[in-house]
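If you want the building blocks of each chain, they are given just below.
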Amino acid sequence: MKITVIGTGYVGLVSGACFSEFGHTVTCVDKDADKIQRLLNGEIPIYEPGLDGLVARNSAEKRLLFTTDLKAAMDGAEAVFIAVGTPSRRGDGHADLQYVFAAVEELAAFIKSYTVIITKSTVPVGTGAEIKNRLQGLLDEKLYDVASNPEFLREGAAIEDFMRPDRVVVGVDSDAAKKVMNALYRPLFLNETPILFTNLETAEITKYAANAFLATKISFINEMADLCEKVGADVQQVSKGIGLDKRIGNKFLHAGPGFGGSCFPKDTRALVHSADTYGVPMRIVRSVVDVNEKRKIAMAERVITACNGSVEGKRIAVLGLTFKPNTDDMRESPSLDIIPALQKHGAVVHAHDPKGMSEAKEMLEDVTFYDDPYGPLKDADALVIITEWNQFRALDLKRVHSLMNKPVLVDFRNIYSKADMAAEGFDYIGIGRGK
Ligand code: UDX
């Protein structure tokens, strides 16, 4: 099958590469000529484990093509995926759909035979219907259908999530579109992956509901962690105790510094906003957003308390800057709230991240960056672990201790045990782990 993917950001590139791996011929289009040239040269603009190999193999086999020429890309395509950005609109959090609508209106001119136009970007409920409205008069109704096929890809595990998903959700309202979508996902269908066909609105809401539910679990356990700290309980055991109940499940119950990334913060805000426009207040999700935003800022206070009430002139070592491990993505990372708040209180910040430093350098000021995890530790008055990269799970603790001015460890991801750290002579502060 011949398909086109518009937008070579995270979602577009991963989806395009994976569809080509299924055997389809995929043309990825982007307006950014420099990005397309880099992709043609075999350079991958994002860090995602496994993506480079997949792109190289399928490009070499001519199943994965890159171009800036939308007209050429649309020639003979049976399906076109819209995978352009839907950033939070400044001020109200509403998903900004200008790039989605611009792409649809532009591609309409190049559709000459039946094509399914599919939204892959996360778009608020009603967007599919609005796309149909905008196409009226631009394109003969017989030449197209609109479908919604939300992605559920985790950064750092996106290839695995695409190739072996828990489910595929497809919103369609015609048999012809359903047939095309079935053909696209045939390899997964043969694997017995559940493929859920719904109407457009249901698929659009399913995406937001999934992200909002997972974000709710995180904010829930984060608040439990705060209570655990006050009463001498251990939130990790609470997570285990509730997670073993199959109705609850053990996933997304790790307490931490608050969720970040390109999806949860943006999508929860967008859901609250779009539900408001329908007169249906999302009270729970609104609280989740609020708890999370306040939490990220409040994390700096923990570091200040660990440093006996002041970080003025103190040297703080930070390990981990990205919003989670195995990505170079800094979007809405807790580090972007914690580090400036510490600096505001006079801290001098030295940091390391395995993949995120080039992006972090653009987003954080007055931070000294090091290429190895021990660099920031020299003469540090506290070590703060913000992201749980595997590299930080087995640090040489004797070396860490000897490098630091004061052996204070604030572990926002609970990757170390309190007892072990006490035995190594550290003053250890985790999240939700007793007094
Ligand atoms: C998420 C969804 O998982 C994915 O299905 C969707 O399509 C896009 O958004 P992603 O943003 O890549 O994926 O990361 P995810 O692994 O879900 O983590 C999101 C944030 O939640 C991170 O900041 C992470 O540190 C935090 N988190 C996650 C926790 O604090 N605790 C947890 O138990 C799980």
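## Things to note about the overall build of the protein
Then, number 1: The number of helices and strands found in the protein is 17 helices and 14 strands.
Then, number 2: For 435 residues, the compact-globule estimate of 2.2 N^0.38 gives 22 Å, and the C-alpha radius of gyration of the protein, at 24 Å, lies within 12% of that figure.
Then, number 3: In terms of overall dimensions, the protein has a C-alpha envelope of 70 × 50 × 40 Å along the principal axes.
Then, number 4: Considering the protein as a whole, with its 435 residues, one finds that 53% of them fall into the buried category.
Then, number 5: Across the protein, the fraction of contacts at a sequence separation of at least 24, relative to all contacts at a separation of at least 6, is 74%.
Then, number 6: Of the accessible surface of the protein, which amounts to about 19,600 Å², a share of 52% is contributed by carbon and sulfur atoms.
Then, number 7: For the protein, the separation between the mean place of its 52 positive charges and that of its 59 negative charges on side chains is 3 Å.

## Concerning the pairing of strand S10 (residues 348-352)
Then, number 1: Along S10, four of the five residues are buried, which leaves the element largely enclosed by surrounding structure.
Then, number 2: Relative to S10, strand S9 (residues 315-319) runs parallel, the two sharing five bridges. Across the sheet, Leu319 pairs through a bridge with His352, a residue of S10.
Then, number 3: Handedness of the β-α-β unit built from S9, helix H14 (residues 335-344) and S10 comes out right-handed.
Then, number 4: Relative to strand S11 (residues 367-369), S10 is paired through three bridges, and the arrangement is parallel. Residue pairing in the sheet places His350 in a bridge with Thr368 of S11.
Then, number 5: The parallel pair S10 and S11 is bridged by helix H15 (residues 357-363), and the resulting crossover is right-handed.

Rules of the game
Residues numbered from 1 in each chain as written. Predicted model: local features only at pLDDT ≥ 70, side-chain atom pairs only at ≥ 80, totals over all residues. Heavy atoms only, no water. Helix = DSSP H or I, 4+ residues; strand = E, 2+ residues; numbered from the N terminus. Rg over C-alpha atoms; globule rule 2.2 N^0.38 Å. Buried < 20%, exposed > 50% of the residue type's maximum accessible area, 1.4 Å probe, protein only. Contact = heavy atoms within 4.5 Å. Areas by Shrake-Rupley, 256 points an atom, 1.4 Å probe, with all protein chains shown as cover. Lys, Arg positive; Asp, Glu negative; His and termini not counted. Charge placed at Lys NZ, Arg CZ, Asp CG, Glu CD. Pairing = 2+ DSSP bridges. Right-handed = clockwise from strand over helix to strand, strands pointing away.

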